[in-house]
Amino acid sequence: MVSKPDFLSGSGQDHFRPELQVESPEGELHLRFYIPSHQEFALQATGIREVIELSPDRITPIPNASPLLLGTLNLRGRVIWVADLGQFLGEASALNTDRAEISVIAIEEQDTIVGLAVEEIGGMDWLDVQNLMPPTSVPDTMAPFLRGEWLLDAKNNQCLRLLDQMAILRSARWAG
């Protein structure tokens, strides 16, 4: 007699391998990243058009523009402004553009797209916005752009700050 494979046995019992079951995600999907001062931030994935790793020479400098603007970038036929996110948020240390590739997060709302140049992309994470706390010890230059923060490590005072992409997009800082 030839034995049938398990899936043809019709025993009605499902065999699940627990290691293959994926936990259901909590919260919303966010992109985590760092600015030059090594502070970690997050943006909601829903407002991100794309994340690009590109050569600094693809960003065209604009004369007499604000120093926090790195220049413009041609993103699939659209010219968008690219800002050094750390400087946009009021940080003193500028992004090092003397390297092979720069990470740019293109955020979008309706017809507006801007690029945020960051030090390093950390990855995607499911984060529960219900656990957000009001930001603590935040510089006045950064406060208008924050929705809150998650405390990652109380002992080392390490937190993950959630940026408000609408506040960034609508900021007068783009005008220079």
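Above this text you will find the structure in question.
Everything numeric here is computed off the predicted structure, so don't read it as measured data. (Residues numbered from 1 in each chain as written. Predicted model: local features only at pLDDT ≥ 70, side-chain atom pairs only at ≥ 80, totals over all residues. Heavy atoms only, no water.)

1. Let's talk about the pairing of strand 7 (residues 112–118)
Counting buried positions along strand 7 gives 6 out of 7 residues, so the element sits mostly inside the fold. Inspection of the sheet shows strand 5 (residues 78–84) paired to strand 7 by 4 bridges, in the parallel sense. For W81, the partnering residue across the bridge sits in strand 7 and is V114. Bridge count for strand 6 (residues 102–109) against strand 7 is 7 bridges, and the pairing is antiparallel. Looking across to strand 7, one finds that E109 is bridged to T112. The loop that links strand 6 with its antiparallel partner strand 7 comprises 2 residues; one of these, Q110, has a positive phi angle of about 50°. (Buried < 20%, exposed > 50% of the residue type's maximum accessible area, 1.4 Å probe, protein only. Helix = DSSP H or I, 4+ residues; strand = E, 2+ residues; numbered from the N terminus. Pairing = 2+ DSSP bridges.)

2. Considerations on the nonpolar core
One finds F33, L85, I107, L163 and I168 to be the most contacted residues of the largest nonpolar core, which totals 26 residues. Those elements giving two or more residues to this core turn out to be strand 1 (28–34), strand 2 (40–44), helix 1 (85–88), strand 6, strand 7 and helix 2 (165–169). Formed by 14 residues, the second largest nonpolar core is a distinct cluster that contains L54, I59, L73 and A106. (Core = buried A, V, L, I, M, F, W, Y, C linked by side-chain atoms within 4.5 Å.)

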